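Given next are the chains, with one letter for each unit.
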Protein chains: 2
Amino acid sequence: MGVIVDDLMNRGLVRTNGTEASRGGRPSEMIEIDPNAAVAVGAGMSDYTWCLVATNLNAEILTRSTRVMVDHSPEAAVEAIAEAYGAVCEELGERYILPVIGIGSPGLVDTRSGKIIQAADLGWWDISLGSMVLERLGIEPIVVNRSKVGALAEYWCTRDEGVVQDLVYVSLGTGVAAGIIQGGELLLGANSSAGELGHVTVVPHGPICGCGNRGCLQTVVNEDTIVDRARALNGLFNDAPGVLRAADADDPVARRVVEETAEYLSIALGGLVNLFNPEQIVLGGPVGDSGKLLLSELQNRIGSHAMHHNLSSLTIRRSTFGADSSAIGAAVLVIKRATDFFFA
Amino acid sequence: MGVIVDDLMNRGLVRTNGTEASRGGRPSEMIEIDPNAAVAVGAGMSDYTWCLVATNLNAEILTRSTRVMVDHSPEAAVEAIAEAYGAVCEELGERYILPVIGIGSPGLVDTRSGKIIQAADLGWWDISLGSMVLERLGIEPIVVNRSKVGALAEYWCTRDEGVVQDLVYVSLGTGVAAGIIQGGELLLGANSSAGELGHVTVVPHGPICGCGNRGCLQTVVNEDTIVDRARALNGLFNDAPGVLRAADADDPVARRVVEETAEYLSIALGGLVNLFNPEQIVLGGPVGDSGKLLLSELQNRIGSHAMHHNLSSLTIRRSTFGADSSAIGAAVLVIKRATDFFFA
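Residues numbered from 1 in each chain as written. Chains lettered and ligands numbered in written order. Predicted model: local features only at pLDDT ≥ 70, side-chain atom pairs only at ≥ 80, totals over all residues. Heavy atoms only, no water.

Colleague: Looking at this structure, how should I read the overall build of chain A?
Modeller: Across its full length, chain A holds 12 helices and 15 strands. By the burial criterion, 61% of the 344 residues in chain A qualify as buried. Carbon together with sulfur atoms contributes 48% to the accessible area of chain A, which is approximately 13300 Å² in total. (Helix = DSSP H or I, 4+ residues; strand = E, 2+ residues; numbered from the N terminus. Buried < 20%, exposed > 50% of the residue type's maximum accessible area, 1.4 Å probe, protein only. Areas by Shrake-Rupley, 256 points an atom, 1.4 Å probe, with all protein chains shown as cover.)

What follows is the structure, encoded as structure tokens:
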């Protein structure tokens, strides 16, 4: 990252603010960064579509571009990212783009190596996504699970208020995962695979999951299961967001499916609230972003699976950025990498 | 804590090590603390007995004293602490004792106020344990849940190896709770009530719990339940550790009870492993400290409830300090308070 620091300094985009650099003074008290000094680019995937955003150093979107993957292969993912990156660069013209791209990927990610260890719903196993992006784009990627960067986006946008330090972002879609912010920092865990909420057991001896275990949350609340359950009750729905919208419109079949989904979610999230005692849970992803009933049912039911004391400080809300969450959070990875040098 | 800092400085127990205090240099590079410069005292409760330890600044025990509570009241707890504190002080003679006491209490603790919000198995609700100790002993208490300080003890003793940064200590006894260390720091959560593992739902619609919910882990693995289950199978046992020892000696009834206990534990701990991706789980408390079969059954079963990737870096082990864990961890609270000033 030395090259970025030099770039920022040489371009005069980081300047000292005139404070005497006294012994023991924090570097952050001595420098200022112009938020429009450089552009960060982040990419996130949702429903087989890659969304790229270019942001300023406050993570405010300057421009965005999306590309649908032509198939589910890693090559199609890299191609979609590259095309969207080209479109974003063209839009930005002469502005200084930080030579790093943040990537919010599905699946279990080894952040150190940039490898996707597994993304079962895409059929990816041991994919060197980071290396592929580096080769195709010629810039360094930072690859992190999409739910983790989603958490970073939701935290970043409220950090100036300084209130929420412990936040959990839950992505509900084809897969289910959480990104956990603790004390203002993204929790990675020993193997960079903290936050695997989708594989918490909620139905002992329940349906078999892609991970090989039984009764994982993901098996009973994923998008396909939501649609299948509605159809089994003779409901006619094309997709999970459709079921959620119908529930909001008081369709009895859809209501029943959403209530059941909320019950399973409340078991796993209640456990998470007991263990982490977070201040906020933010629902995102195609299912989390849809419908009001799911949120209110979850709010009603979580008390049956979490300590009242832990709930007393908890807010559950929908995501601020919707489908852009992962891309914005991926841009935040780049911003943090560039500026942590100055503020660490 | 200024008074302690002044005390340590005035007594010449903290000294600069001669390194030039250069601009940007960390204070930790400039000072040395003699580990025998002062004594820290910590108290922890297990099986209605308070154990007090006096340690040096490396948390090595110098002397200890235990007192059984005459009844389950908060007053009896404070009296037991005060008597053991008196015994420890007498033993220490002229040594400089830091004027703070760490207390590892059962129940939900509000660490800021020193209040026990609830400790259901003791019948405590909204007890100002901190104020009571301050009044009785005349020194400032730091009150933290006993499982949290247990985690601190287990982490502290391995911290020099610098390997384990993410550790979970699980206390299994009349109640069940976890203490979580992340990145070397104790996780408190928004309400200082992170780690409530005992109230994670493991049997949906299961037995009712003291917290008001159903099927909490604590309802199916607490000491009384273990004994009751063994007796229902016509086993003759006085206490839960007895059941665990009999299982190790291949008693078929005891084996069955321990296997069932391990299965429930593996659901809750598997979820925790998925969410936190820790490097170590340490079993403690009267049940966790007893028997080998429980540990090996848990190691065998947790794979059915956790991602294999998250397990690949995990060790599950018994606690190092047994019944002293909470008291040692409570002493670490005091050591940290006194020395963090210099090393923060």
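Text resumes after the structure shown.
Colleague: Explanation requested: the sheet that holds strand β6 (residues 97–105) of chain A in the structure shown.
Modeller: The strands that make up a sheet pair up through hydrogen bonds in the backbone, lying either parallel or antiparallel. Residues and elements named next belong to chain A. One open sheet holds the 5 strands; their spatial order is β5-β4-β3-β6-β10, and the pairing between them is mixed. Two strands lie at the open edges of the sheet, namely β5 (61–68) and β10 (140–145), each paired on one side alone. Strand after strand, the sheet turns through a mean of 20 degrees between neighbouring axes, direction not considered. With 6 bridges joining them, β6 and β10 adopt parallel strand pairing. If you follow Ile101 over to β10, its bridge partner there is Pro141. (Pairing = 2+ DSSP bridges. Axes fitted to C-alpha atoms, helices over the stretch in contact; angles between N-to-C directions.)

Colleague: It is not clear to me how the packing of aromatic side chains should be interpreted in this structure. Could you clarify?
Modeller: How two aromatic rings sit relative to each other is given by the distance of their centres and the angle of their planes. What the rule picks out here adds up to 1 aromatic pair over all chains. Geometrically, the ring pair formed by Phe276 of chain A and Phe276 of chain B is stacked, given 4.1 Å between the ring centres and 10 degrees between the ring planes. Linking Phe276 of chain A in helix α8 (residues 252–276) with Phe276 of chain B in helix α8 (residues 252–276), this pair reaches from one chain into another. With respect to class, Phe276 of chain A is no different from Phe276 of chain B; both count as buried. (Phe/Tyr/Trp six-rings, centres within 6.5 Å; stacked < 30°, edge-to-face > 60°.)

Colleague: Is there a simple way to explain the side chain of Ser65 of chain B in this structure?
Modeller: Residue and element names in this part refer to chain B. Note on placement: Ser65 falls in strand β5 (residues 61–68). A distance of 3.0 Å separates a polar atom in the side chain of Ser65 from a polar atom in the side chain of Arg67. Residue contacts for Ser65: discarding those within four places in its chain leaves Trp50, Cys51, Leu52, Ala84, Ala87 and Val88. (Polar contact = N/O pair within 3.5 Å; in protein donor to acceptor, adjacent residues only side chain to side chain. Contact = heavy atoms within 4.5 Å.)

Colleague: Is there a simple way to explain the packing of helix α7 (residues 240–248) of chain A against α8 of chain A in this structure?
Modeller: When two helices pack together, their arrangement is given by the angle between the helix axes and the distance between those axes. Residue and element names in this part refer to chain A. Axis separation between α7 and α8 bottoms out at 7 Å; the angle between their running directions is 110 degrees. Comparing their axes, α8 and α7 come out roughly perpendicular. α8 is crossed by α7, and the crossing has left-handed handedness. On α8, the residues touching Val243, Leu244, Ala246 and Ala247 of α7 are Ala254, Arg255, Val257 and Val258. Grouping the amino acids of the contact of α7 with α8 by side-chain chemistry returns 7 nonpolar, no polar and 1 charged. (Parallel < 35°, antiparallel > 145°, perpendicular 65-115°, else oblique. Left-handed = near helix turned anticlockwise from the far one by under 90°. Nonpolar A, V, L, I, M, F, W, Y, C, P; charged D, E, K, R; others polar.)

Colleague: Got a minute to help me understand the interface of chain B and chain A in this structure?
Modeller: Buried accessible area, meaning the area lost when the parts come together, often serves as the stated size of an interface. At the interface, 45 residues of chain B touch 45 residues of chain A. Summed over the shared surface of chain B and chain A, the number is 0 salt bridges. Taken together, chain B and chain A are joined by 32 residue pairs in polar contact (both at pLDDT 80 or more). Breaking the side of chain B that touches chain A down by element, the ones donating at least two residues are β8 (115–119), β12 (176–182), α8 and α11 (308–311) of chain B. Counted by class, the side of chain B that touches chain A contains 20 nonpolar, 21 polar and 4 charged residues. (Salt bridge = Lys/Arg side-chain N within 4 Å of Asp/Glu carboxyl O.)

Colleague: Which parts of the structure should I look at to understand the pairing of strand β9 (residues 124–127) of chain B?
Modeller: Strand residues, when the strand is regular, have side chains that alternate between the two faces of the sheet. All names here are of chain B. Bridge count between β8 and β9: 3 bridges; the pairing is antiparallel. For Ala119, the partnering residue across the bridge sits in β9 and is Trp124. The antiparallel pairing of β8 with β9 creates a hairpin that spans 4 residues between the two strands, and Gly123 there sits at a positive phi of about 75 degrees.

Colleague: Looking at this structure, how should I read the confidence of the model for chain A?
Modeller: Should the pLDDT be low somewhere, the predicted coordinates at that spot are not to be read in detail. When pLDDT is averaged across chain A, the result is 90; 88% of the residues are at 70 or more. Taken over the whole predicted complex, pTM reads 0.89, whereas the ipTM for its chain interfaces reads 0.88. (pLDDT = per-residue confidence, 0-100.)

Colleague: Looking at this structure, I do not really get the relation of the copies chain B and chain A. What am I missing?
Modeller: What relates the pair of chain copies is a rotation about an axis plus a shift along that axis. Take chain B, turn it by 180 degrees, move it 0.0 Å along the axis, and it overlays chain A with an RMSD of 0.0 Å. Here the transformation between the copies is reduced to the relation of a two-fold axis. Here 100% of the interface residues in chain B have copies in chain A that are interface residues too; the copies meet face to matching face. (Least-squares fit on C-alpha atoms with pLDDT ≥ 70 in both.)

Colleague: Hey, could you run me through the packing of α8 of chain A against α8 of chain B in this one?
Modeller: One way to put it is that α8 of chain A packs onto α8 of chain B with a least axis distance of 11 Å and a crossing angle of 75 degrees. Classed by the angle they form, the pair α8 of chain A and α8 of chain B counts as roughly perpendicular. Residue-level inspection shows Leu272, Leu275 and Phe276 of chain A of α8 of chain A in contact with α8 of chain B, the latter providing Leu272, Leu275 and Phe276 of chain B. The class makeup of the residues in the contact of α8 of chain A with α8 of chain B is 6 nonpolar, no polar and no charged.

Colleague: Where do I start with the state of the cysteines in this structure?
Modeller: Covalent bonding between the sulfur atoms of two cysteines is what defines a disulfide. Counting across every chain of the model gives 0 disulfides over all chains. In this structure Cys89 of chain A is a free cysteine whose sulfur lies 15 Å from that of Cys51 of chain A, the closest cysteine sulfur available. Taking the relative accessible area as the measure of exposure, Cys89 of chain A reaches 23% and is therefore partly exposed. In this structure Cys211 of chain B is not part of a disulfide, and its nearest cysteine sulfur, from Cys216 of chain B, lies 3.7 Å away. (Disulfide = S-S within 2.5 Å.)

Colleague: Got a minute to help me understand unusual backbone geometry in this structure?
Modeller: Excluding glycine, most residues fall at negative phi; most peptide bonds, likewise, are trans. Residue and element names in this part refer to chain B. The phi dihedral of His205 falls on the positive side, at around 65 degrees, and the residue is not glycine. Along the chain, His205 falls in the loop between β13 (185–186) and α5 (217–221). You can call His205 exposed: its relative accessible area is 71%. For Asp250, which is not glycine, the phi torsion reads 75 degrees and is therefore positive. Tracing the chain through its elements places Asp250 in the loop between α7 (240–248) and α8.

Colleague: Is there a simple way to think about the sheet that holds strand β8 (residues 115–119) of chain A in this case?
Modeller: All names here are of chain A. Ordered in space as β7-β8-β9, the 3 strands form an open sheet in which the pairing is antiparallel. Because the sheet does not close on itself, it has two edges, and the strands there are β7 (108–110) and β9 (124–127). The average angle at which neighbouring strand axes cross in this sheet is 15 degrees, direction not considered. Taken together, the 3 bridges between β7 and β8 define a ladder with antiparallel strand orientation. Residue pairing across strands places Val109 opposite Ile116, the latter belonging to β8.

Colleague: When you look at the pattern of salt bridges in this model, what are you seeing that I'm missing?
Modeller: Two side chains carrying opposite charge are able to pair once their charged atoms lie near each other. Residue and element names in this part refer to chain A. Taken as a whole and assessed by the stated rule, the structure comprises 24 salt bridges over all chains. Residue Asp324 is joined to Arg64 by a salt bridge in which the shortest nitrogen-to-oxygen separation is 2.5 Å. Taken together, the residues Asp324 in the loop between β15 (315–318) and α12 (325–343) and Arg64 in strand β5 connect sequence positions 260 residues apart. According to the relative accessible area criterion, Arg64 is partly exposed, its value standing at 43%. A salt bridge links Arg229 to Glu260; its shortest N-O distance comes to 3.5 Å. Separated by 31 residues along the polypeptide, Arg229 in helix α6 (residues 223–232) and Glu260 in helix α8 bring together distant segments of the chain. Since its relative accessible area comes to 15%, Arg229 is described here as buried. A network of salt bridges, in which partner residues are shared, links Asp250, Arg255 and Glu259.

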